[in-house]
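Coordinate analysis (summary)
Given next are the chains, with one letter for each unit.
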Amino acid sequence: MKIFEKAKLEPVREAFISYVTKGGKCMEKELPEMKEYIMGDDCVRDLERLKNGDYFLDYPRYRLVPKNFQNKKRAVYSFTGTEGYLMKLLVYAMRGMEDIYSDRLFSFRHDKTGTDLLSEVSRDRNIWNKYVLKADISNYVGSIVPKLIIPMLQEVFLPDDPDFFSFLEWLLTRNKVVDKDGNILDHCPGGMGGIPVGNFFMNLYLHEMDDYFAPRAAFYSRYSDDILICADTYEEIKEFEKHFYEILDRLRLVTNKEKTVILMPGEPFDLMGMELSGGCIRISVHAMNKIKRRIRKYAERALINRNKGRMSPDEAAHDLIMRFNRYFFGGVRGGVHGGESLTWAKWVFPIITDTECLKEIDNYIQESIRYVLYGSMKKRKYSIPYEKLTELGYRTIVYYYHHQDMIQEII
């Protein structure tokens, strides 16, 4: 069924609201407005307008956001209000299109997940006897070239759904955005990262990569721009590397040099923020550094509140603990009506097989709390006992790893 027509069906719109509600995909305060619009006549009229080529959407909003508290920033685009709800509904209506993807693609689809990929890799003992090309693409969604992806969209949609193809083509070629001050800028948003349909673009853009390597490599997988290619011999992996870069050149993509390497059999490698080594899965060094930067930033903010007299030392430390809880476990009740969105804990706990990485995070958190309580780095470890941290509500991540049924009690 054509996308606009499918999105207009009342059962589809009802299913979308249920999905958003149960999955915590919407702020609770936005749900009444979203539900009223999606289930109302205005939504049906707007879908009909788009189907007929009346593209009334405003220019997408454009902002630069920090990448994990670093100086680097990434571009994020969004539609607001009912236009944002409409875009989410359309992407929901695109469900069921998984048959256009390779079976070795695991990103942004409802029939496969990243957890499935990591579980598969950890179980396949043969992978550890292979030569591995582990690759990551720099600024992937922002580097998607509209004039290169449009023929791909044409092939997928034009035969059966020309109206939706025309709409996507229009989205990709407007080349104007609105900045935070309301100014209209000439700007190409690439694959429109942040807008739900951007995930579809990221899946589709590298389909040539999937089609080439899936039947040829000893093992192949892709999660968006996180790519794993395995071969039986060094000569074969070098030949794969050549084809890999040829495809990237055609698509005008470049790799993240730090994350793109050829590995010898048995060498550990990172995949989706995890380090895999002989079937053992733990948080990667790169991901661990990101987590530590976030913890450190939260602690610095809490110390400012303490030093400026906004909070007592205990209040600042307790607030810091609550902030950690929201980051690692938040969303369990933070979604709509208790919706269970994917949280850090829900992603990590089922995957890892080595809890030493969780202990490392726990130690770093404890030192950060002591830092806020003591007011400096000096002697904080020995001056403030662990019992003081528990009095303020702290529990280790390892504790909740072994008592996952208790996570809801802290949110």
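What you see is a predicted model; the values in this text were computed from it and never measured.

**Details of the layout of surface pockets**
A volume near 200 Å³ is recorded for the second largest pocket. The residue makeup of the lining of the second largest pocket, split by class, is 6 nonpolar, 1 polar and 4 charged.

**As for the pairing of strand S10 (residues 274–277)**
Burial of S10 is one-sided: the residues Met 274 and Leu 276 facing one way are buried, the residues Glu 275 and Ser 277 facing the other way are not. Relative to S10, strand S9 (residues 269–271) is paired through 3 bridges, and the arrangement is antiparallel. Its bridge partner lying in S10, Phe 269 is registered against Leu 276. Linking S9 to S10, which pair antiparallel, is a turn of 2 residues; within it Met 272 sits at a positive phi near 55 degrees. In the sheet, S10 pairs with strand S11 (residues 280–283) via 4 bridges, with the strands oriented antiparallel. By the bridge assignment for S11, Glu 275 is matched with Arg 282. Linking S10 back to S11 in an antiparallel pair, the connection comprises 2 residues, with Gly 278 at a positive phi of about 60 degrees.

**So, unusual backbone geometry**
Here Asn 139, not a glycine, exhibits a phi torsion of approximately 45 degrees, which is positive. Mapped onto the elements, Asn 139 comes out in the loop between strand S3 (131–136) and helix H7 (140–143). The backbone phi angle of Met 192 is positive, close to 60 degrees, even though this residue is not glycine. If you trace the backbone, Met 192 turns up in the loop between strand S5 (184–186) and helix H10 (197–205).

**Here's the deal with the pattern of salt bridges**
Tallying each qualifying case throughout the model produces 21 salt bridges. Note that Glu 48 is salt-bridged to Lys 8, the shortest N-O span being 2.4 Å. Taken together, the residues span a long stretch of sequence, with Glu 48 in helix H4 (residues 41–51) and Lys 8 in helix H1 (residues 3–8) at a distance of 40 residues. In this structure, the salt-bridge partner of Arg 282 is Asp 354, at a minimum N-O distance of 3.4 Å. Remark: Asp 354 occurs in the loop between helix H15 (344–348) and helix H16 (356–374) and Arg 282 occurs in strand S11; sequence separation between them is 72 residues.

**Quick notes on the packing of helix H3 (residues 31–38) against helix H5 (residues 81–93)**
Where H3 contacts H5, the two axes come as close as 10 Å, and the packing angle between them is 65 degrees. Taken together, the axis directions place H3 and H5 in an arrangement best described as roughly perpendicular. Crossing angle aside, the handedness with which H3 passes H5 is right-handed. In this structure, H3 uses Glu 33, Met 34, Tyr 37 and Ile 38 to contact H5, whose residues at the interface are Thr 82, Tyr 85, Leu 86, Lys 88 and Leu 89. Residue composition of the contact of H3 with H5, by class: 6 nonpolar, 1 polar and 2 charged.

**Section: empty space enclosed by the protein**
Counting across every chain of the model gives 2 cavities of 30 Å³ or more. Within this model, the largest cavity holds a volume of roughly 70 Å³. If you trace the largest cavity, you find it lined by Ile 321, Phe 324, Asn 325, Phe 328, Phe 329, Ile 365, Tyr 394, Arg 395 and Ile 397. Of the residues belonging to the lining of the largest cavity, the class tally is 7 nonpolar, 1 polar and 1 charged.

**What about the packing of H4 against H5?**
Each packed pair of helices is defined by two parameters, the angle between the axes and the distance between the axes. The interhelical angle for the contact between H4 and H5, taken along N-to-C directions, is 70 degrees, at an axis separation of 11 Å. Classified by the angle their axes make, H4 and H5 are roughly perpendicular. Residues Cys 43, Asp 46, Leu 47 and Leu 50 of H4 lie in contact with H5, whose contacting residues are Leu 86, Leu 89 and Leu 90. Along the lines of polarity and charge, the residues of the contact of H4 with H5 split into 6 nonpolar, no polar and 1 charged.

**Re the side chain of Ser 102**
Tracing the backbone shows Ser 102 in the loop between H5 and helix H6 (114–123). Side-chain polar atoms of Ser 102 contact the backbone nitrogen of Arg 104, separated by 3.0 Å. If we ignore the near neighbours within four places in the chain, the residues touching Ser 102 are Arg 109, Asp 210 and Ala 214.

**Description of a positive patch on the surface**
On the surface, Arg 63, Lys 67, Lys 72 and Arg 74 cluster together to form a positively charged patch. Along the chain, Lys 72 turns up in the loop between strand S1 (61–66) and strand S2 (73–78). Relative accessible area serves as the criterion here: at 56%, Lys 72 is assigned to the exposed category.

**Focus: the packing of aromatic side chains**
For the structure shown, the criterion picks out 31 aromatic pairs. Taking the centre distance of 6.0 Å and the plane angle of 50 degrees together, the rings of Phe 108 and Tyr 223 count as tilted. With Phe 108 in the loop between H5 and H6 and Tyr 223 in strand S6 (residues 219–223), this residue pair connects regions lying 115 residues apart in the sequence. Each ring, one from Trp 344 and one from Phe 349, has its centre 6.3 Å from the other, and the planes form 80 degrees; the classification is edge-to-face. Each member of the pair, Trp 344 as well as Phe 349, carries the same accessibility label: buried. Through a chain of ring-to-ring contacts, the aromatic side chains of Tyr 298, Phe 324, Tyr 327, Phe 328, Phe 329, Trp 344, Phe 349, Tyr 399, Tyr 400 and Tyr 401 assemble into a single cluster. The ring of Phe 219 carries Arg 104 above its face, with NZ or CZ at 5.0 Å from the centroid. Looking at Arg 323, its charged tip hangs above the ring of Tyr 298, at a distance of 5.3 Å from the centre.

**Points about helix H13 (residues 285–307)**
Three or four residues apart is the spacing at which side chains of an α-helix point the same way, because the helix has 3.6 residues per turn. Look at H13: 32 Å from first C-alpha to last across 23 residues, which is about the 33 Å you get at 1.5 Å a residue. Among all positions of H13, only Ala 287, Met 288, Ile 291, Lys 292, Arg 294, Ile 295, Tyr 298, Ala 299, Ala 302, Leu 303 and Asn 305 are buried. Check the buried side of H13 and you find it contacts S11, helix H14 (313–329), H15 and H16.

Parameters at a glance
Residues numbered from 1 in each chain as written. Predicted model: local features only at pLDDT ≥ 70, side-chain atom pairs only at ≥ 80, totals over all residues. Heavy atoms only, no water. 1 Å grid on protein atoms, 1.4 Å probe; cavity = no way out; pocket = protein on both sides within 12 Å on 5 of 7 lines; lining within 4 Å. Points joined across faces, edges and corners; volume = space filled by probe spheres on them. Nonpolar A, V, L, I, M, F, W, Y, C, P; charged D, E, K, R; others polar. Buried < 20%, exposed > 50% of the residue type's maximum accessible area, 1.4 Å probe, protein only. Helix = DSSP H or I, 4+ residues; strand = E, 2+ residues; numbered from the N terminus. Pairing = 2+ DSSP bridges. Salt bridge = Lys/Arg side-chain N within 4 Å of Asp/Glu carboxyl O. Axes fitted to C-alpha atoms, helices over the stretch in contact; angles between N-to-C directions. Parallel < 35°, antiparallel > 145°, perpendicular 65-115°, else oblique. Left-handed = near helix turned anticlockwise from the far one by under 90°. Contact = heavy atoms within 4.5 Å. Polar contact = N/O pair within 3.5 Å; in protein donor to acceptor, adjacent residues only side chain to side chain. Patch = residues over 30% accessible without salt bridge, like charges linked within 9 Å, V, L, I, M, F, W, Y side chains within 5 Å. Areas by Shrake-Rupley, 256 points an atom, 1.4 Å probe, with all protein chains shown as cover. Lys, Arg positive; Asp, Glu negative; His and termini not counted. Charge placed at Lys NZ, Arg CZ, Asp CG, Glu CD. Phe/Tyr/Trp six-rings, centres within 6.5 Å; stacked < 30°, edge-to-face > 60°. Lys NZ or Arg CZ within 6 Å of the ring centre and 35° of its normal. Expected span 1.5 Å × (residues − 1).

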